[in-house]
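Here are the chains, one letter per residue:
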Amino acid sequence: MANEPPTADDSRTDEVLSARSLTRDFLSGNGRLEILKGIDIDIRRGQIVAIHGASGAGKSTLLHILGTLDRPTSGQVFIGETNAFDLPDDRLAEFRNRTVGFVFQAHHLLPEFSALENVMMPLLVGRWDWDTARDRAGSLLAEVGLAARLDHKPVALSGGEQQRVAVARALVGRPHIVLADEPSGNLDRGNGEALLDLMWDMSRRHGQAFVVVTHDEDLGRRADRAFRLEDGQLNAVAA
């Protein structure tokens, strides 16, 4: 029997992620540099949230903390009802694999594996059995329009197709939330818009929450909510 992560129906409240009083400081040659200064945010199931900001404002730092890839200097991140940073590192890694999906500007596909195997990888890490993981990954790749490309390795895929594989990989474990860091940044405008359309469609179809960090102001007008990160503070952008 498969060792399955919780699905979207597993005793989950509508609030899938809550951050409270997040700060992040770094030591520099001139002393302590404050990147995040007490950020609060709540994200509900099915919401698409855009975060804008200038280069160096701390958008990726915030996304990494929300996704538990980095720990804050202070503050809390609740995913579902779990205070993520109360977990030790080994349990946090397992929890992250079950609850958070990631899409980065660089697709980070494993070049020696096929599209199907790349999408299966989070499930295999989570100790799913091979056949169940293969069926889930194949179904999701078909859903993103790559049914005919399952056995192709990344080098045989276009940039847009590689990012579609990355989106499928992020969604395959039915995580609480998907975090995307400039996901269309390496694509031309046509493929970038197609990728964003895909993410919007998958969010609506599966009730999936997305947080998208982007320089693209137009994206914010399509999102359910948009914020700008400036001077370490997250400020809502009026619709």
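Note: the structure precedes this text.
Colleague: Provide a residue-level description of the sheet that holds strand β8 (residues 209-213), including the pertinent values.
Modeller: What the six strands build is an open sheet, ordered β6-β7-β8-β3-β9-β10; its pairing is mixed. Sheet topology places β6 (100-104) and β10 (233-236) at the edges, where each strand pairs with a single neighbour. Between one strand and the next, the sheet's axes are offset by a mean angle of 20 degrees, whatever the strand orientation. Lying on the sheet, helix α1 (residues 59-66) is in contact with β3 (48-52), β6, β7 (177-181), β8, β9 (225-230) and β10; it crosses β7 at an angle near 155 degrees. Contacts from helix α2 (residues 89-99) reach β6 and β7 within the one sheet, and its direction differs from that of β6 by about 75 degrees.

Colleague: Got a sec to walk through the nonpolar core? Specific residues and values, please.
Modeller: One finds L141, V165 and M199 to be the most contacted residues of the largest nonpolar core, which totals 38 residues. Mapped onto this core, the elements with two or more residues apiece are β3, α3 (115-125), α4 (130-143), α5 (159-171), β7, α6 (189-206) and β8. Excluding anything up to four places from it in sequence, M199 contacts V167, A180, P183, F210 and V212.

Colleague: Now, about the packing of α5 against α6: what can you tell me, with residues and values included?
Modeller: Where α5 contacts α6, the two axes come as close as 10 Å, and the packing angle between them is 20 degrees. In terms of their interaxial angle, α5 and α6 are classed as roughly parallel. When you trace α5 past α6, the crossing you get is right-handed. Every residue of α6 that contacts α5 at G160, Q163, R164, V167 and L171 is listed here: N191, A194, L195, L198, M199 and M202. Considering only residue class, the contact of α5 with α6 consists of seven nonpolar, three polar and one charged.

Colleague: Kindly report on the side chain of T214, identifying the contributing residues and their values.
Modeller: Counting through the fold element by element, T214 comes out in the loop between β8 and α7 (217-222). A residue is classified by how much of its surface remains accessible, and T214, at 4% relative accessible area, is buried. The residues touching T214, leaving out its near neighbours within four places in the chain, are I51, H52, G53, K59, E182 and L219.

Colleague: Account for unusual backbone geometry, with residues named and values stated.
Modeller: If you check the backbone angles, R127 has positive phi at about 70 degrees while not being a glycine. Tracing the chain through its elements places R127 in the loop between α3 and α4. For R127, a relative accessible area of 55% translates into the label exposed. Here the phi dihedral of D231 falls at roughly 50 degrees; this positive angle occurs in a residue that is not glycine.

Procedures and definitions
- Residues numbered from 1 in each chain as written.
- Predicted model: local features only at pLDDT ≥ 70, side-chain atom pairs only at ≥ 80, totals over all residues.
- Heavy atoms only, no water.
- Pairing = 2+ DSSP bridges.
- Helix = DSSP H or I, 4+ residues; strand = E, 2+ residues; numbered from the N terminus.
- Axes fitted to C-alpha atoms, helices over the stretch in contact; angles between N-to-C directions.
- Contact = heavy atoms within 4.5 Å.
- Core = buried A, V, L, I, M, F, W, Y, C linked by side-chain atoms within 4.5 Å.
- Buried < 20%, exposed > 50% of the residue type's maximum accessible area, 1.4 Å probe, protein only.
- Parallel < 35°, antiparallel > 145°, perpendicular 65-115°, else oblique.
- Left-handed = near helix turned anticlockwise from the far one by under 90°.
- Nonpolar A, V, L, I, M, F, W, Y, C, P; charged D, E, K, R; others polar.

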